[in-house]
Amino acid sequence: MATFFGEVVVAPSRAGVDDEEEAREETPEDREIRRELERKREIDVLWTLKSGASTESSADEPFACSKFIVAIGRNAAAFLSSFILDSVCWEVVGVVKLWNEWCRTSSTTNVLPTDSFCLFYRLISDPTVLLCQCSCYVAEDQQFQWLEKVFGCMQKEGLQVTILSTCPVADYKTQESTLTLPSPFLKALKTKEFKEEVCCPLLEQPNIVRDLPAA
Amino acid sequence: LLQPAVSVGNVGQLGIDLVISTLGMTKVGYFYTDCLVPMVGNNPYATAEENSVELSINAEVYSLPSKKLVVLQIRSPFIKNKYRPFCETLLSWVKSSKCARVIVLSSSHAYQRDDEQLLGTPLRYLLTPDLEKAVGGLMQELKWKEMEKVAAYPGINETEKVLHIPGGGITKLLFTESCSKGIQMAVLLKFCSEGDNIPDAFALVNYLNEWLQLIKSEVSTSNDSTDASSQWKIPSSWRLLFGNGLPPALF
């Protein structure tokens, strides 16, 4: 399209589409590159067994889990670090290793708050209570994989999942001014199976949640 | 089956929102897919407190048995390299569920039109050969314009023509796959640009309505044309499409 000054630019579309690229046939080299990239972007979920050794989660039976709390993003992860986690009541039981253009996590469980990491903790007094701190960004194409690999390891009967996340206030759509919103500003979404009381109002239309918390 | 393509201006998706909202369609299921960016929110078609807390995700199916209509709504963009898997899964579902025909609402970049396309109606249709046999005649009666093919090698060879739908997302892929699989598919599209695409959505659903007669269109007394615009119900989720209200402190 032509801009005001007469230069022609390719405008980004909300549709997010680049159909020219999709239409092109893949050469064997393209396929190989794509496969390499896919391999590099694969997510590994590593669980620490009782013996202390790390291993792949694949063939093991799903473990019993009654409550799973997931904190996504640096703010939510920091909230858990400040108010919930401590080395007396909680032990590290797993880690997610992944790479994408924005961040890389490692398989070490000894992390600094400024690192990107994704760790799993278990409540020592009740090992069916699991907690996940995910401060790294999980890319769009990795979100589904993260979901399947993490939830694939747990028993889903009677499982209650709580997801903690943050969004910029600038993204919140409301008729009133965002300057007058109460602080802390909390909103919730819940499935119809969730019967307990929610501690804050539900998220009104037209607001939505996306990415890993949505997945 | 009525569905949108995620395309320029999101016109198809806005159109589908109007159809679901106006006909009061019931949600009957969803696609659990890794091909679309995940998203979740509360019921976008809420009309009251009671029905506003049902969760809604990125690909959901609605139905209206009285009109034998099933609608798929897609609410987020495709993930890279996932167009083809999604189309294949969708079309195999169409076949296995014995769906009679598929109508895709879509759009294409207005700036890519040639001189002739700049004149006249911006609405176009496409029919797969199997559907052409059934409704080709009706299209003639409605005086609809078929989407023109463009030269495969412009400037070099003007005789070889191909179908080109810039900005149409999965439209072309769905259409060409349906042609080869013998699926009865129609594509209804509008030339448009990014911006406030609500009028485009209304134009597209009115176009659809000329064929499917989903809602009654009133004959406007002022200019004798049938215009169903006022009959479509805007969903509550279309509020604040262009941002929040202005803070009073600004003034």
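So, how was this worked out
Residues numbered from 1 in each chain as written. Chains lettered and ligands numbered in written order. Predicted model: local features only at pLDDT ≥ 70, side-chain atom pairs only at ≥ 80, totals over all residues. Heavy atoms only, no water. UniProt positions renumbered as here; feature names shortened; annotations may be inferred. Contact = heavy atoms within 4.5 Å. Buried area = accessible area lost by both parts, 1.4 Å probe. Salt bridge = Lys/Arg side-chain N within 4 Å of Asp/Glu carboxyl O. Polar contact = N/O pair within 3.5 Å; in protein donor to acceptor, adjacent residues only side chain to side chain. Helix = DSSP H or I, 4+ residues; strand = E, 2+ residues; numbered from the N terminus. Nonpolar A, V, L, I, M, F, W, Y, C, P; charged D, E, K, R; others polar. Pairing = 2+ DSSP bridges. Core = buried A, V, L, I, M, F, W, Y, C linked by side-chain atoms within 4.5 Å. Buried < 20%, exposed > 50% of the residue type's maximum accessible area, 1.4 Å probe, protein only. Expected span 1.5 Å × (residues − 1).

- Looking at an unreviewed UniProt entry, chain B carries the name Proteasome assembly chaperone 2, with the source organism given as Pedionomus torquatus.
- On record in UniProt, under Sequence similarities (unreviewed entry), the comment for chain B is "Belongs to the PSMG2 family."

- As recorded in an unreviewed UniProt entry, chain A goes by Proteasome assembly chaperone 1 and comes from Pedionomus torquatus.
- Comment text from UniProt for chain A, heading Sequence similarities (unreviewed entry), reads "Belongs to the PSMG1 family."

## Let's talk about the interface of chain B and chain A
Right, on to step 1. The interface is formed by 44 residues belonging to chain B together with 40 residues belonging to chain A.
Right, on to step 2. Summed over both partners, the interface of chain B with chain A buries about 3400 Å², with 55% contributed by carbon and sulfur atoms.
Right, on to step 3. Between the two partners, chain B and chain A, sit 0 salt bridges.
Right, on to step 4. The tally of links from chain B across to chain A stands at 7 residue pairs in polar contact (both at pLDDT 80 or more).
Right, on to step 5. In terms of residue count, strand β3 (residues 39-42) of chain B provides more of the side of chain B that touches chain A than any other element does, 4 residues in total.
Right, on to step 6. Residues that form the side of chain B that touches chain A fall into these classes: 21 nonpolar, 19 polar and 4 charged.
Right, on to step 7. The pairing of strand β8 (residues 208-210) of chain A with β3(B) spans 3 bridges and is classified as antiparallel.

## Digging into the nonpolar core
Residue and element names in this part refer to chain B.
Right, on to step 1. Within the largest apolar cluster, 39 residues are counted, with the highest numbers of intra-cluster contacts made by Leu-2, Val-19, Met-25, Leu-69, Leu-188 and Trp-211.
Right, on to step 2. Counting only elements with at least two residues in this core, the list comes to α1 (11-23), β5 (59-64), β6 (69-74), β7 (102-109), β8 (123-127), α4 (129-142), β11 (185-192) and α6 (198-212).
Right, on to step 3. Sort the elements by how many residues they give to this core and α6 lands first, with 8 residues.
Right, on to step 4. Not counting residues within four places of it along the chain, the set of residues in contact with Val-19 comprises Leu-2, Met-25, Leu-69, Val-71, Val-205, Leu-208, Leu-214 and Trp-232.
Right, on to step 5. The next biggest cluster of nonpolar side chains, apart from the first, holds 33 residues, and it includes Val-6, Leu-90, Leu-173 and Leu-189.

## Thoughts on unusual backbone geometry
A negative phi angle characterises most non-glycine residues, just as the trans form characterises most peptide bonds.
Right, on to step 1. Ser183(A) connects to Pro184(A) through a cis peptide bond whose omega is 5 degrees.
Right, on to step 2. Position of Pro184(A) relative to the elements: it lies in the loop between β7 (160-165) and β8.
Right, on to step 3. A cis geometry characterises the amide bond from Gln205(A) onward to Pro206(A), with omega recorded as -5 degrees.
Right, on to step 4. As for its position among the elements, Pro206(A) is in the loop between β7 and β8.
Right, on to step 5. Of note, the phi angle at Lys68(B) is positive, near 50 degrees, even though the residue is not glycine.
Right, on to step 6. The class of Lys68(B) is exposed, set by a relative accessible area of 79%.

## Comments concerning α1(B)
Given 3.6 residues per turn, any residue in an α-helix points the same way as the ones three and four places further on.
Residues and elements named next belong to chain B.
Right, on to step 1. Under the 1.5 Å per step criterion, the end-to-end length of α1 is 18 Å for 13 residues, consistent within 8% with the ideal 18 Å.
Right, on to step 2. For α1, the buried fraction is high: 12 of the 13 residues fall into the buried class.
Right, on to step 3. Among all positions of α1, only Val-11, Gly-12, Gln-13, Leu-14, Gly-15, Ile-16, Asp-17, Leu-18, Val-19, Ile-20, Ser-21 and Leu-23 are buried.
Right, on to step 4. Buried positions along α1 lie against β1 (2-4), β5, β6, β7, β11 and α6.

## What about the pattern of salt bridges?
Residue and element names in this part refer to chain B.
Right, on to step 1. One pass over the full model with this rule turns up 17 salt bridges over all chains.
Right, on to step 2. For Lys-82, the salt bridge identified is with Asp-34, shortest N-O distance 3.2 Å. You can see Lys-82 sitting in the loop between β6 and α2 (83-96) and its partner Asp-34 sitting in the loop between β2 (26-30) and β3, a full 48 residues away along the chain.
Right, on to step 3. Across the pair Glu-177 and Arg-84 runs a salt bridge, and its minimum N-O distance is 3.8 Å. Of the two residues, Glu-177 is situated in helix α5 (residues 171-181) and Arg-84 in helix α2; the sequence distance between them amounts to 93 residues.
Right, on to step 4. Of the residues examined, Glu-177 reaches a relative accessible area of 18% and is grouped as buried.

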